[in-house]
Amino acid sequence: MEEYLGSQVFTKDSQVVDKLYWIKECSGVYSVKSAYKFLQKQKGEWRQEDSSSLWFKLWRIKAPAKVLNLVWRSLSYCLPTMTMLAQKHVHVLRICPVCQDEDEPIMHALVGCSLASQCWHNILPDVQQDVNGDFARWLEKNLVQWHNFQGRSTQAFVHLKFEGDGAIYWVKPQARQIKVTVDAAIFRDQMWFGTGMVARDERGELLEAKSRLHNGVVSPELAEDMTMKEALSWIKARTWIQVIIEADCLTVVQVIRSKISIESPFGVVIKKCKSIMLELNDISLIFIKRFANMAAHFLAKKSCSHPDRVFDERKVPVELINILLTYMF
Ligand SMILES: [Zn+2]
């Protein structure tokens, strides 16, 4: 653990009980995918897949594993449709058992059959068909639409979940409220990570801002998580009340809101964040987009040249003033 964290953050807390966890996943739970990636990287054989390839796009679809498995088998021509079985000399009729109108190659089973076609049109009205029966080409053509659909549904979900979630622009808090935006930055080559946080009042004016540099190689999620803990401790020390914390790391925001318990360094810090939030008076947590988080992002990025700095309204770098004025609505 020390090799990867190189930081004293976890060793101070005597209440944390030692547990086994898998360091390559932020959940702490072992996965074959992360172990494979780790071993390949150690051997120098890890190849970042071309982001334009169909497989790259496929494994980034947010769908249950069984759905991705179905698509993977379809693209590998391993789906036992009637036509595929007949081609493998299984004694079956090639005719589709659902519509009983046509043969059942993979494209028919998943796209062309009347039932499948109706399902696709209900989800993606502009779904395209003209790909000469090639499922891979059909998927490639329609993946963009699918990602757009997922983006819309995620936004809708976030919006319904908590008011203010998903804000694109930074907006001033209401009367007597304080907004604290937080962000982290990773400096992998130097084995550092930086934190940035900015507190502003109802007029959008700076109360205080901080940047800090830490030693250690951590995952982006853990860096964001630790920034959140640092910000909460800062709010507690300043005795601010009616505070809204805004972060652009959806994972951290969602896990803090959830009741799940995670046995990993990430989970330990989340637990600490939750306990500090319970002690604070009237605090809420909101997910914002990166563009709304430019001020904290700037400080986190600058932490490597200005480590451990505190700024207030009398002492603010010009670049930060520009960001505070430019990105405020
Ligand atoms: Zn059919």
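Look up a bit, the structure's there.
Per chain, the residues get numbers from 1 upward, laid out in the order the sequence is written. For this predicted model, a pLDDT threshold of at least 70 governs which residues receive local features, and a threshold of 80 or more governs which side-chain atom pairs are given and counted, while totals over whole chains, interfaces and linings are taken from all residues.

Chemist: Lay out the nonpolar core in plain terms, naming residues and giving numbers.
Modeler: Remark: nonpolar core denotes a set of buried Ala, Val, Leu, Ile, Met, Phe, Trp, Tyr and Cys residues whose joining runs through C-beta atoms within 7 Å. To sort residues by exposure, count the other C-beta atoms lying within 10 Å of each residue's C-beta; 20 or more gives buried, 12 or fewer gives exposed, and values between give partly exposed, all with C-beta atoms placed from the backbone. If you look at the biggest cluster of nonpolar residues, it comprises 49 residues, and the most contacted ones within it are Val180, Val182, Val198, Ala231, Ile245, Ala247 and Ala295. Residue contributions to this core peak at seven residues, all from helix H9 (residues 220-238). Residues are defined as contacting one another if the C-beta atoms placed from their backbone atoms lie within 7 Å. When residues no more than four places from it in sequence are discounted, the contact partners of isoleucine 245 are Val180, Val182, Ala231, Ile283 and Leu285. Listed in part, the 11 residues of the second largest apolar core include Ala109, Leu110, Phe135 and Trp138. Only runs of H or I of at least four residues qualify as helices and only runs of E of at least two qualify as strands under DSSP, and these elements are numbered from the N terminus.

Chemist: Residues and numbers for H9, please.
Modeler: Every helix has an expected span of 1.5 Å times one less than the residues it contains. In this model, H9 (19 residues) spans 27 Å end to end at C-alpha, consistent with the 27 Å of a helix rising 1.5 Å per residue. Following H9 by one or two positions, threonine 239 adopts a phi angle in the positive range, close to 55°.

Chemist: So, the sheet that holds strand E2 (residues 192-200): which residues are in play, and what are the values?
Modeler: Strand pairing follows a simple DSSP-based rule, namely that at least 2 bridges must link the two strands. Strand order in the open sheet formed by six strands is E5-E4-E1-E2-E3-E6, with mixed pairing between adjacent strands. With one partner strand each, in any of the chains shown, strand E5 (283-287) and strand E6 (309-311) form the two edges of the open sheet. Taken pair by pair, the neighbouring strands of this sheet meet at an average axis angle of 15°, ignoring direction. Across three bridges, strand E3 (residues 206-215) lies against E6 in antiparallel orientation. Note that in E6 the partner of serine 211 across the bridge is arginine 309. All axes here are fitted lines through C-alpha atoms, helices being fitted over the stretch that makes contact, and every angle between N-to-C directions spans 0 to 180 degrees. Running at roughly 140° to E5, helix H10 (residues 250-257) makes contact with strand E4 (243-247) and E5 of the sheet. Here helix H12 (residues 294-302) sits on the sheet and contacts strand E1 (178-187), E2 and E3; the angle it forms with E2, its principal contact strand, is near 145°.

Chemist: Let's hear about unusual backbone geometry: which residues, and what values?
Modeler: Even without being glycine, histidine 89 reaches a positive phi, approximately 70°. Relative to the assigned elements, histidine 89 resides in the loop between helix H5 (82-87) and helix H6 (106-112). A positive phi angle is found at glutamine 242, which is not glycine, with a value near 50°. Structurally, the position occupied by glutamine 242 is in the loop between H9 and E4.

Chemist: Which residues make up the pairing of E2, and what values do they have?
Modeler: Of all nine residues that make up E2, nine are buried, and the element is covered over most of its length. Of the two faces of E2, the one carrying Trp192, Gly194, Gly196, Val198 and Arg200 and the one carrying Phe193, Thr195, Met197 and Ala199 are both buried. Examined bridge by bridge, E1 and E2 share nine bridges and lie antiparallel to one another. Within the sheet, the bridge partner assigned to phenylalanine 187 lies in E2 and is tryptophan 192. As judged from the nine bridges shared by E2 and E3, these two strands associate in the antiparallel manner. Bridging across to E3, phenylalanine 193 finds its partner in histidine 214. The antiparallel hairpin formed by E2 and E3 contains five residues in its connecting segment, where glycine 204 sits at a positive phi of about 85°.

Chemist: For the packing of H12 against helix H13 (residues 318-326), give the residues involved together with the corresponding values.
Modeler: Put simply, H12 and H13 touch, their axes get as near as 9 Å, and they point 160° apart. When the axes of H12 and H13 are compared, the pair comes out roughly antiparallel. Once H12 is placed against H13, the crossing between them reads as right-handed. Here Met294, Ala295 and Phe298 of H12 come into contact with H13, specifically with Glu319, Leu320, Ile323 and Leu324. Put simply, angles under 35 degrees are roughly parallel, angles over 145 are roughly antiparallel, angles from 65 to 115 are roughly perpendicular, and the rest are oblique. Each crossing is labelled by how the near helix is turned from the far one, with a counterclockwise turn of less than a right angle marking it left-handed and a clockwise turn marking it right-handed.

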